[in-house]
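Summary of structural features
One-letter residues, chain by chain:
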Amino acid sequence: DPNIDCLLDALGHMPLAVALMATLAKESGANAQQLLDEWRRYGTNMMSHTSSNEENINRSISLSVRSRLMKQNPEALHLFAILSMLPAGTTSQKLDHWIPTLTSKASSIATLRNVALIMDTCDGTTHTRLFVLPVVQSYMRLEGRISFQIRQMVRNQCYKYIMDHSSLPGSPSFKDDVQAIAAEHNNLWTILRDATHIVDSNPVSSSNNDAIVALLNFTEHHLYTKPNPEIAEHTFRFAQLTKQDCHIAQSLFLLGNAYFSIDRFADACLYFEQGIHTFQNLSTGPDYLMSGKCALFLAEVGHYMAMESDKIEEIILAAQRDLEKSGDKYGIALWQLQIGRFHWYNGEFKMALSILDIAKGTFEALNSLLDLRLCLHLIHRCYAFQQKYSEALDFAKQELKIAEEIGHDEGIQTSMRAVAIDLIGTYCYEEALSTLEKSLILAQELESPLAAAQSLELMGYIYAANENFLEAQAAYDRARRHYGSLVLKGTEPEMARYNKCTSNIAILESEPNEFFEKYSCPMLY
């Protein structure tokens with residue numbers, strides 16, 4: 001039963017809890033999924049009526065919570081309640097953030113250790129994480145054992161932590177902020193999710209506003225690190241509950257981007273289209289910069305979905321009208337970036353380079369490094385498509401340097417692949433293969449099947465060029481499987497790439513020595 005591991009994790013592998021749950025399963029005939037669902041609803045209460053006092057989990061935990069040592073140190077109970085809300089635990093250093101009012105941290109930690117209510121684990125650094133066992137966390141979540149005041153304090157500290165570390169790529173603090181969010185990620189997401197599954201009776205209350213602002217920033221953070229549709233979907237649902245159209249519009253933009261980043265193009269189109277309409281019709285007045293940005297992303301997704309060129313041009317012109325209304329210099333540069341992409345896509349390289357050069361100057365003046373990297377990438381593509389690989393390589397290396405400087409993993413992955421394409425074009429196969437291996441690892445970490453497929457396809461080409469035909473077949477087959485997963489999601493262009501890989505595999509199997517006379521070129525993206 002695949003749910004058994006999930007159930008064991010929920011119980012924290014605590015021997016008494018596992019034994020009682022096994023007994024309950026035997027006596028009730030319930031399977032692991034049913035037991036897990038009940039555990040999530042009722043926690044330790046579900047096992048408190050099926051065991052003797054000596055084996056009663058609730059009673060065992062309560063004896064520790066109500067012990068003499070705990071009564072002598074009220075701050076220890078306060079700390080225990082807060083740690084019970086942090087499923088991943090935290091370090092002693094981070095406790096200063098989660099509970100800034102604690103006056104005697106050392107004695108409170110010592111008390112909780114003495115009554116066995118907290119455990120220690122190494123977090124892979126020099127710091128030790130303090131945590132409460134999942135079974136004990138479940139006990140504390142029930143029957144109001146954690147006061148409203150403590151819950152609200154932890155939530156407020158969660159919101160503050162996110163806002164304190166909400167910088168964008170290109171900011172001097174971005175890399176440090178990424179590490180800070182990663183260190184407390186599970187805690188932050190759990191608290192956010194629990195705090196925003198419902199809204200206060202007043203949808204526009206300050207607590208709802210603080211929660212949605214933190215949630216929007218948390219979702220945006222993931223776009224620059226590891227896109228997470230689950231978080232973006234939750235943010236959109238909560239934004240709808242708040243009934244604030246400005247938050248709904250922003251959540252639509254983020255949800256569209258989250259789907260775009262994991263190659264779910266049809267879903268991305270849907271939410272970008274809704275975002276355009278919502279931003280144009282805000283109760284506080286139109287936000288033409290954001291409606292224009294939604295339209296530009298919609299046009300970009302259109303390229304991946306083989307949308308007709310006239311339709312894409314129509315979307316870009318609509319974006320131009322909104323961005324001109326906004327009067328925002330940055331917005332105009334974004335439009336130039338997208339119209340440059342449009343001309344590149346249509347093979348009008350001279351026109352594309354002319355427009356992209358103007359956008360590049362604006363992004364440099366504004367120090368907008370994330371957009372500058374993308375602009376350089378498109379310039380690389382223009383030269384690469386003309387097989388001017390030496391010129392293309394210069395721009396690809398520039399974009400990779402920027403992506404690494406700002407710590408943008410998706411940009412690093414894309415830039416590595418660009419560098420590899422140009423290295424292949426200049427017959428530097430060994431260096432290209434090394435670069436692609438790194439690119440593939442990053443694509444897998446980002447869970448992007450399209451990026452992984454493109455890296456593998458290029459690796460197949462290099463293996464074939466080096467007459468490693470079996471490795472070439474394996475690489476093309478892996479690429480084909482990734483493309484196949486996208487075809488199932490309805491992304492039409494990937495069908496052609498899937499067929500291209502199939503054709504290359506067939507040639508390698510039957511006539512490997514004639515591969516370069518008959519193969520389908522994988523090189524330019």
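For the structure itself, look to the data block above.
The numbers attached to residues start from 1 for each chain and follow its sequence in the written order. The predicted origin of the model limits local features to residues at a pLDDT of at least 70 and limits the giving and counting of side-chain atom pairs to 80 or more, whereas totals for whole chains, interfaces and linings rest on all residues. Note that the side-chain values use all heavy atoms of the structure and ignore hydrogens as well as water.

1. Digging into the packing of aromatic side chains
As a reminder of what qualifies: Two rings from Phe, Tyr or Trp (for Trp, the six-membered ring) form a pair when their centres are within 6.5 Å of each other. A pair whose planes differ by under 30 degrees is stacked, one over 60 is edge-to-face, and the rest are tilted. To sort residues, take the accessible area from a 1.4 Å probe on protein chains only and compare it with the maximum for the residue type: under 20% means buried, over 50% means exposed, and anything in between is partly exposed.
Throughout the structure, instances matching the rule amount to 20 aromatic pairs. A ring pair is formed by Phe-260 and Phe-265, whose centres lie 6.0 Å apart and whose planes are at 70°; its orientation type is edge-to-face. For Phe-265, a relative accessible area of 1% corresponds to the buried category. Each ring, one from Trp-344 and one from Tyr-345, has its centre 5.9 Å from the other, and the planes form 70°; the classification is edge-to-face. For Trp-344, a relative accessible area of 8% corresponds to the buried category.

2. Structural notes on unusual backbone geometry
Rule in force here: Starting at the N terminus, helices and strands are each numbered in turn, a helix being any DSSP run of H or I of at least four residues and a strand any DSSP run of E of at least two.
Phi is positive for Gln-387, close to 60°, though the residue is something other than glycine. Secondary-structure assignment places Gln-387 in the loop between α21 (369-385) and α22 (389-406). Overall, Gln-387 belongs to the exposed group, its relative accessible area being 60%. For Glu-447, which is not glycine, the phi torsion reads 55° and is therefore positive. Tracing the backbone through its elements, the reader meets Glu-447 in the loop between α24 (429-445) and α25 (449-465).

3. Points about the packing of helix α13 (residues 206-223) against helix α14 (residues 229-242)
Defined as follows: Each axis is a line fitted through C-alpha atoms, and for a helix only the stretch in contact is used; angles between axes span 0 to 180 degrees, taken between their N-to-C directions. Throughout this description, any angle smaller than 35 degrees is read as roughly parallel, any larger than 145 degrees as roughly antiparallel, any in the 65 to 115 degree range as roughly perpendicular, and the remainder as oblique. A crossing counts as left-handed when the near helix is turned anticlockwise from the far one by less than a right angle, and as right-handed when that turn is clockwise. In what follows, a contact means two residues having at least one pair of non-hydrogen atoms within 4.5 Å.
Where α13 meets α14, the closest approach of the two axes is 10 Å, and the angle between their N-to-C directions is 155°. In terms of axis orientation, α13 runs roughly antiparallel to α14. For the crossing formed where α13 meets α14, the hand is left-handed. Listed contacts from α14 to Asn-208, Ala-211, Ile-212, Leu-215, Leu-216, Phe-218, Thr-219 and His-222 of α13 are Ile-231, Ala-232, His-234, Thr-235, Phe-238, Ala-239 and Thr-242.

4. Comments concerning the sheet that holds strand β1 (residues 90-91)
Rules: At least two DSSP bridges between two strands are required for those strands to pair.
Taken together, three strands build an open sheet; the order of strands is β1-β3-β2 and the sheet is antiparallel. Unpaired on one side and paired on the other, β1 and β2 (119-122) mark the two borders of the sheet. Two elements, β2 and strand β3 (residues 128-131), share four bridges in a ladder whose sense is antiparallel. By the bridge assignment for β3, Met-119 is matched with Phe-131.

5. A few points about the side chain of Ser-67
What counts, and what does not: In protein, a polar contact means a hydrogen-donor-capable atom and an acceptor-capable atom, both N or O and within 3.5 Å, with residues adjacent in sequence counting only if both atoms are side-chain atoms; elsewhere, any N or O pair within 3.5 Å suffices.
Along the chain, Ser-67 turns up in the loop between α4 (57-65) and α5 (68-72). Assessed through its relative accessible area of 16%, Ser-67 is described here as buried. Polar contacts involving the side chain of Ser-67 include one to the main-chain carbonyl oxygen of Ser-64, which spans 2.9 Å.

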